[in-house]
Amino acid sequence: MAILSPAASAAPQAERLHSHCCYCSMQCGIDLIRADNDLGWEVKPSQHFPVATGRLCQKGLNVLGHAVHSERLLAPMRRVAPGGADSAWAAASWDDALSDIASRIQAIQAQYGNDAVSVFGGGSLTNEVCYLLGKFARVALRTKFIDYNGRYCMSSAAAAQNRAFGADRGLNIALEDIPKAKYIILAGTNIAECQPTMIPYLLEAKKQNAIIVTIDPRRTMTSKIADIHINLQPGFDSVFASGLMHVILEEGLYDAKFVEQHTHGLADVREAVRPFSPENVSHYTGIPKEVIRTVARGFAQAETGMIFTARGIEQQVNGVEHTLSYINLCLVTGKIGKPGSGFGPITGQANGQGGREHGQKADQLPGYRLIEDPSARSHVASVWGIAPEELPGKGVSAYELYGKIHDGEIKAMIVLGSNPLVSSPNSAWVAEALQKLELLVIIDMFATETAEYAHWLLPSSSFLEAEGTLTNLEGRVFHRPKAFQTPGDALEDYLILGKLAEKLGRGSYFAFDSPEAIFDELRLASAGGIADYSGMSYARLKEMKGLFWPCPSPDHPGTPRMFENGVFSHPDGRAKLHAITPMKPAETTDPEYPFILTTGRLGNHYLSGAQTRRTAALLKKAPVPVAEIHPHAAEQILLRPGDRLRLTTRRGSLIFDVKVTPDIHPTSVFVPFHWGGEHSINLLTNDALHPISRMPEFKVCAVRLERVGQPSSP
Ligand SMILES: Nc1nc2c(c(=O)[nH]1)N[C@H]1C(S)=C(S)[C@@H](COP(=O)(O)OP(=O)(O)OC[C@H]3O[C@@H](n4cnc5c(=O)[nH]c(N)nc54)[C@H](O)[C@@H]3O)O[C@H]1N2
Ligand SMILES: Nc1nc2c(c(=O)[nH]1)N[C@H]1C(S)=C(S)[C@@H](COP(=O)(O)OP(=O)(O)OC[C@H]3O[C@@H](n4cnc5c(=O)[nH]c(N)nc54)[C@H](O)[C@@H]3O)O[C@H]1N2
Ligand code: SF4
Ligand SMILES: [Mo]
């Protein structure tokens, strides 16, 4: 591909601009100040957004790196030579590109039916684009097959929260509530690397004498601020949480009044946790029974308390159950819906929250409505100006879309805002699926690894160039202005979708002249839904620096704390306790694969690395993935200094640089997933899915470790 000129030249002549970091769900505000440096701009933390405590992490400070990168796509590109790493591309006009794509879509749909075309979305997009993409799939393509990368991210947490509370808003509190908590449990969440600007809230709680407990198979940067660290083998959270519940119930430490007035299901929970005495849990997990009692008593007896979880416990075939086990602890102790108390699976992507509310998910319509609910269908159909019968039904989950390609049911895919070849489990199978497509269109800033199999690459905007709203980890909806113009021929996503809809003969449903016009329709579509945005407007969002949903009327102040006074979102107002029987992961260890592979993140990279591997300052800090193993594991495989490490799972074998550290559980190996090609750990991960959430088991599979006796490459 030709080298493209830097996008920085597209910036207007302002001296100071405002935006938000495009990476994690904190969505820190940034100020861009004109500077005499390579990029022409300096990034500073903005004092105008109330969330980020005046700081930015390394990714935020370097957030311009990818946006002004010379590899930005500046024109639509048509593949002119066979796919794979050697693909060759030719630039085209938008008109030629969209005409060709539309006529191929129409030919495929004429031959195989509307559902032969699928859409794969993302959680980094604005609410407006997420909403429009869901509408585009159902109204322009008339396909049921749409899902998005949030399936790999928040789906287990969402399923658990919907079951327990009747609503799924990441944190059901505002961050500013955290310092009021006296006992904080962090399970499978590495906040210090993944939401670094949230750490000051925890430190403030600590200053007010809060106890912090981390539960993780690694002693992470986050566990450095903990009073107690539970070094748990991956896959054992339900066992451990059942031990805590056993003590709380046995010693009568629960809030009987809250449980009686605001929940269902205690008797079944009592029965389920009966076998999980501290002695038994200690036997299963190696965690001393005194520690189990200390944490159970400490949390239950504290005046206030919070539990936060994340992908560590959720990306498992038992992820919904692990989450419910921790939710149970908040419910039985009455630690929810009051100041200083609450539960929260910490949302990951920039708009991981909004991304799961407005219809990108296979079973969903805007406002967190369900596509199979007749009243939801008629409401949304009336906003869209179509008949409810015209709306397709429920499709399948993200990973299952690739199965449908293998089966020949799906022939085309449009990917907008994801790099699934790097981020999907068992990714060799995903690559095989992508090669079978008759049409793959990627709408992105870059020619990603996934793009190697595309027929068309369409150049999109970066976060700097796209106005819109996003919903952060708290459920706070805020407005992000447009700071830069799109470079070259690149276009904002909403314009690309609108133009393609027009070529498909459905343009009248997508004739939006601004993101605000889309937001105004989204408000109507969400009205009366669980995630109700109808009382918000761009003017209010700008003036109030964000509003928390639900916000059902123009004079509603928004809802920073949900479930206030124990009123939950189920029709009867009560929360549901769930009796959990801990189950094994899909793959357990055996003599052939005696260790556990778990995967996750580093502070300096983001997801598939499409953006951060293009940011020199970040790549320099972590140029390649390094596998972490415990000294006992190193001893067992006779690892010597300078050796590399071969990891073999039932999917394949890869060689990594290795770091020996006592900070990881002796049974486990950790590898970050931010790289493609021979560095992509997802070539080895297990694609077993949770039966309900359809979340892949990224966090646990069985692996063999072997030393490779050659010096690590420079
Ligand atoms: N720097 C950086 N920040 C990010 C991202 C990024 O890629 N890079 N991604 C963003 C996104 S989309 C997301 S979803 C979030 C993810 O944020 P996190 O979920 O916090 O990140 P992970 O590293 O995937 O996993 C968290 C921890 O779970 C632990 N773990 C693994 N298995 C288990 C288990 O069975 N039980 C328990 N208790 N712990 C376990 C891992 O050791 C790891 O420390 O981060 C967001 N922020
Ligand atoms: N092994 C393992 N795998 C995992 C995980 C794990 O913990 N372990 N975590 C999973 C999780 S939680 C997640 S969220 C997924 C995410 O994984 P991916 O979906 O692959 O996420 P990204 O790397 O952010 O890819 C986003 C793509 O969209 C592009 N992009 C960014 N902004 C925009 C925009 O505004 N418009 C358009 N058109 N494009 C844009 C970027 O350039 C990038 O190519 O990975 C999952 N995969
Ligand atoms: S990555 Fe997250 S914590 Fe870091 S600056 Fe960006 S939004 Fe803030
Ligand atoms: Mo995520």
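Residues numbered from 1 in each chain as written. Chains lettered and ligands numbered in written order. Predicted model: local features only at pLDDT ≥ 70, side-chain atom pairs only at ≥ 80, totals over all residues. Heavy atoms only, no water.

The chain goes by Nitrite reductase in an unreviewed UniProt entry, where it is assigned to Paenibacillus albus.

S.K.: Run through the confidence of the model for the chain, naming residues and quoting values.
M.R.: In this model, the chain carries an average pLDDT of 95, and 97% of its residues clear a pLDDT of 70 or more. Residue range residues 1-7 is modelled with pLDDT below 50. Its contacts to residues more than four positions away, or to other chains, number 16 contacts. (pLDDT = per-residue confidence, 0-100. Contact = heavy atoms within 4.5 Å.)

S.K.: So what about the domain arrangement of the chain? Which residues, and what values?
M.R.: The extent of an interface is frequently quoted as the accessible surface area lost upon association of the parts. Annotation of the chain at the domain level lists domain 1 (91-152 + 354-474 + 487-512), domain 2 (155-345) and domain 3 (595-708). A separation of 30 Å is found between the C-alpha centroids of domain 1 and domain 3. Carbon and sulfur atoms make up 57% of the area that domain 1 and domain 3 hide from each other, which totals about 1700 Å². In this assembly, domain 1 and domain 3 are joined by two salt bridges. For the pair domain 1 and domain 3, the interface holds twelve residue pairs in polar contact (both at pLDDT 80 or more). (Domains from an automatic or database assignment. Buried area = accessible area lost by both parts, 1.4 Å probe. Salt bridge = Lys/Arg side-chain N within 4 Å of Asp/Glu carboxyl O. Polar contact = N/O pair within 3.5 Å; in protein donor to acceptor, adjacent residues only side chain to side chain.)

S.K.: Account for the sheet that holds strand E9 (residues 211-216), naming residues and giving values.
M.R.: Ordered in space as E10-E9-E8-E12-E13, the five strands form an open sheet in which the pairing is parallel. Taken across any chain shown, the strands that pair with only one partner, and hence form the sheet edges, are strand E10 (228-231) and strand E13 (342-345). Within this sheet the neighbouring strands show an average axis-to-axis angle of 10°, counted without direction. Relative to strand E12 (residues 306-309), strand E8 (residues 183-187) is paired through four bridges, and the arrangement is parallel. When the sheet's bridge partners are listed, Ile185 is paired in E12 with Ile307. Contacts between helix H12 (residues 289-301) and the sheet are confined to E8, E9, E10 and E12, with E8 contributing the most and set at about 125° to the helix. (Pairing = 2+ DSSP bridges. Helix = DSSP H or I, 4+ residues; strand = E, 2+ residues; numbered from the N terminus. Axes fitted to C-alpha atoms, helices over the stretch in contact; angles between N-to-C directions.)

S.K.: Now, about the sheet that holds strand E24 (residues 626-629): what can you tell me, with residues and values included?
M.R.: Spatially, six strands are ordered E23-E27-E24-E26-E25-E28 in a closed barrel, and the strand pairing comes out mixed. If you compare each strand with its neighbour and ignore which way they point, the axes differ by 45° on average. Of the pairings in the sheet, the one linking strand E23 (residues 595-600) to strand E28 (residues 701-708) comprises three bridges and is antiparallel in character. Residue Leu597 lies in a different strand from E28, and its bridge partner there is Cys701.

S.K.: Tell me about the pairing of strand E3 (residues 41-45), residues and numbers included.
M.R.: It is a general feature of regular strands that their side chains alternate between the two faces of the sheet. Bridge count for strand E2 (residues 29-34) against E3 is five bridges, and the pairing is antiparallel. Each bridged residue has a counterpart across the sheet, and for Asp31 the counterpart in E3 is Lys44. Connecting E2 to the antiparallel partner E3 that follows it, the hairpin turn spans six residues, and Gly40 within it adopts a positive phi of roughly 85°.

S.K.: Describe empty space enclosed by the protein, naming the residues involved and giving the relevant values.
M.R.: Inspection of the entire model under this criterion finds four cavities of 30 Å³ or more. By volume, the largest cavity is sized at about 730 Å³. For the largest cavity, the lining is made up of 44 residues, of which Ser124, Gln349, Gly417, Ser418 and Gln611 are closest to its centre. Among the residues forming the lining of the largest cavity, the class breakdown is 18 nonpolar, 18 polar and eight charged. (1 Å grid on protein atoms, 1.4 Å probe; cavity = no way out; pocket = protein on both sides within 12 Å on 5 of 7 lines; lining within 4 Å. Points joined across faces, edges and corners; volume = space filled by probe spheres on them. Nonpolar A, V, L, I, M, F, W, Y, C, P; charged D, E, K, R; others polar.)

S.K.: Lay out the site of ligand 2 with the relevant residues and their values.
M.R.: Among the 31 residues in the neighbourhood of ligand 2, the closest are listed as Asn149, Ser418, Asp444, Ser608 and Asn682. In this structure, Asp444 approaches ligand 2 through a side-chain N or O atom, which is 2.6 Å from an oxygen atom. Between ligand 2 and Asn682, the relevant distance is 2.7 Å, taken from a nitrogen atom to a side-chain nitrogen or oxygen of the residue. Protein contacts shield 98% of the accessible area of ligand 2, which totals 930 Å² for the unbound molecule. According to the grid-proximity analysis, the pocket containing ligand 2 is the largest cavity. Tallied by class, residues from the shell around ligand 2 come to twelve nonpolar, 15 polar and four charged. Taken together, domain 1 (91-152 + 354-474 + 487-512) and domain 3 (595-708) each give at least three residues to the shell around ligand 2, which thus spans both. (Near = heavy atom within 4 Å. Areas by Shrake-Rupley, 256 points an atom, 1.4 Å probe, with all protein chains shown as cover. Sits in = over half its atoms within 2 Å of the grid points.)

S.K.: Give me helix H8 (residues 237-250): which residues, what numbers.
M.R.: Quick reminder: α-helices carry 3.6 residues per turn. Residues three or four places apart thus point the same way. The end-to-end C-alpha separation of H8 is 20 Å, in line with the 20 Å expected for 14 residues at 1.5 Å each. Within H8, 13 of the 14 residues are buried, which leaves it mostly tucked inside the rest of the structure. (Expected span 1.5 Å × (residues − 1). Buried < 20%, exposed > 50% of the residue type's maximum accessible area, 1.4 Å probe, protein only.)

S.K.: Please give an account of the site of ligand 1 that cites residues and values.
M.R.: Surveying the vicinity of ligand 1 reveals 34 residues, the closest of which are Asn190, Asp216, Asp237, Arg601 and His605. Contacts to ligand 1 include Lys59, whose side-chain N or O atom sits 2.9 Å from a nitrogen atom. Starting from 910 Å² of accessible surface for ligand 1 in isolation, the protein chains cover 100%. Placement of ligand 1 is best described as lying within the second largest cavity. Where the shell around ligand 1 is concerned, the elements lending two or more residues are helix H6 (191-194), E9, helix H13 (311-314) and E23. Sorting elements by how many residues they give to the shell around ligand 1 places H13 first, with three residues. Grouping the constituent residues of the shell around ligand 1 by class yields eleven nonpolar, 15 polar and eight charged.

S.K.: I'd like to hear about the layout of surface pockets, residue by residue, with values.
M.R.: Its volume calculated, the largest pocket comes out at about 640 Å³. For the largest pocket, the lining is made up of 30 residues, of which Asn162, Lys361, Asp363, Tyr368 and Leu370 are closest to its centre. For the lining of the largest pocket, the elements supplying multiple residues, two or more each, are helix H5 (155-165), strand E15 (369-370) and helix H15 (374-384). Counting residues per element, the lining of the largest pocket draws most heavily on H5, which supplies five residues. In terms of residue class, the lining of the largest pocket is made up of ten nonpolar, eleven polar and nine charged. Within this model, the second largest pocket holds a volume of roughly 460 Å³.

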